[in-house]
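Summary of structural features
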Amino acid sequence: MAQRYVRIQTPQARVYYGLLQVNGGVLVLDAPPWLKGQPTDRLLEPDNYKLLAPCVPSKIVAVGKNYVQHAAEMGTPVPAEPLLFLKPPTAVIGPGDEIAYPPQSQQVDYEGELALVIGERCANVSPEEVCQKIWGYTIANDVTARDLQKRDEQWTRGKGFDTFCPLGPWIVREISPASRLQTFVNDDLEPLQSAQIDEMVFGPEALVSYISQVMTLLPGDVVLTGTPQGVGPLQIGDRVRVEIEGIGSLQNTIGKRE
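The sections below set out a description of the structure shown in this document. Because the structure is a prediction, the values reported are computed rather than measured.

One open sheet holds the five strands; their spatial order is β9-β20-β19-β15-β16, and the pairing between them is mixed. Edge positions in the sheet fall to β9 (98-100) and β16 (193-196), since each of these pairs with one other strand and no more. For this sheet, the mean angle separating the axes of adjacent strands, direction not counted, is 20 degrees. The pairing of strand β19 (residues 239-244) with strand β20 (residues 248-255) spans six bridges and is antiparallel. Each bridged residue has a counterpart across the sheet, and for I244 the counterpart in β20 is G248.

Let us look at the sheet that holds strand β10 (residues 108-110). Strand order in the open sheet made by the three strands is β13-β10-β18, with antiparallel pairing throughout. Either end of the sheet is taken by a strand with one partner, and the two such strands are β13 (144-145) and β18 (232-234). Of the strand pairs in this sheet, β10 and β13 are connected by two bridges, and their pairing is antiparallel. From the neighbouring strand, D109 faces β13, where its bridge partner is T144.

Moving on: the pairing of β20. A regular strand places its side chains so that they alternate between the two faces of the sheet. Two elements, β9 and β20, share three bridges in a ladder whose sense is parallel. Paired with E98 across the two strands is T253, which belongs to β20. Between the antiparallel neighbours β19 and β20 lie three residues, among them G246 with a positive phi of about 90 degrees.

Time to look at the environment of P95. Of note, P95 is situated in the loop between β8 (92-93) and β9. Overall, the relative accessible area of 15% leaves P95 in the buried class. Taking the C-alpha atoms as reference points, P95 and P228, separated by 133 residues in sequence, lie 21 Å from one another. Aside from chain neighbours lying at most four places away, what touches P95 is K50, L51, L52, A53, L167, P169, L250, Q251 and N252.

Bringing a nonpolar patch on the surface into the picture now. A cluster of nonpolar side chains, contributed by V68, V78 and V201, occupies part of the molecular surface with about 200 Å² of accessible area. The residue V201 is located in the loop between β16 and α5 (204-212) in this model. The exposure class assigned to V201 is partly exposed, which follows from its relative accessible area of 33%.

What follows covers the packing of aromatic side chains. For the structure shown, the criterion picks out five aromatic pairs. Look at Y17 and W34: their rings are 5.4 Å apart centre to centre, the planes differ by 85 degrees, and that puts the pair in the edge-to-face class. Of the two residues, Y17 sits in strand β2 (residues 15-20) while W34 sits in the loop between β3 (26-29) and β4 (39-44), which places them 17 residues apart along the sequence. The class of W34 is buried, set by a relative accessible area of 9%.

With that settled, consider the state of the cysteines. In total, this model carries zero disulfides according to the counting rule given. The closest cysteine sulfur to the non-disulfide-bonded C131 is located on C122, 11 Å from its own sulfur. With no disulfide of its own, C165 lies 8.8 Å from the sulfur of C55, the closest cysteine sulfur.

What counts, and where the lines are drawn
Residues numbered from 1 in each chain as written. Predicted model: local features only at pLDDT ≥ 70, side-chain atom pairs only at ≥ 80, totals over all residues. Heavy atoms only, no water. Pairing = 2+ DSSP bridges. Helix = DSSP H or I, 4+ residues; strand = E, 2+ residues; numbered from the N terminus. Axes fitted to C-alpha atoms, helices over the stretch in contact; angles between N-to-C directions. Buried < 20%, exposed > 50% of the residue type's maximum accessible area, 1.4 Å probe, protein only. Contact = heavy atoms within 4.5 Å. Patch = residues over 30% accessible without salt bridge, like charges linked within 9 Å, V, L, I, M, F, W, Y side chains within 5 Å. Areas by Shrake-Rupley, 256 points an atom, 1.4 Å probe, with all protein chains shown as cover. Salt bridge = Lys/Arg side-chain N within 4 Å of Asp/Glu carboxyl O. Phe/Tyr/Trp six-rings, centres within 6.5 Å; stacked < 30°, edge-to-face > 60°. Disulfide = S-S within 2.5 Å.

Right, dumping it as structure tokens:
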């Protein structure tokens, strides 16, 4: 089993990065792993921590319409270049946290995605150099207020609400290009989204290189690589689960409008 890097909070509200053990315990690191954090002699028991989002990005750079069939279901052609937008860091929540359904919206959609975690400062890098800059991989849900996205004709509000970027449950260092991404809602046995991540129009190396020509990516930043076809609405009380082979499962519930 691949090593799983986590970020956790203790009952005393202390936050640590660590390595998840087979028995569910966490071996604490002395710094974020992409900053060369090393194992300490502290081991937290399985019932003595809460999983948080596995990193604290300074920014989340997301990519729209990066699967051919998703572009088609949105009624648009595939972009000739990666279509970029930003989600604010305040949108990040962790596994098991509640997605808040905003009162301004009547349609909140799930969008399961592979997320890249940047490990080194990344500016003007070539695709060949990118493999040294991507530290690892995790799961994201690019939650979207679809009605607001369409109404505004730009995506900041529809993509930017607090809680609209669940991340987790941990980071792995490697993933197979043939890994399958699937999204489930509630107890449905059939996935609503299902695609191999190598079906992306622009792969991870091309995306990070392209983004780095626009803005500097910093250690801990996150790149959302786009969602496959099958996006759809969520209702208050729903449980949404995004799974990626080789990583695991990210599950969140939808909370009441406030």
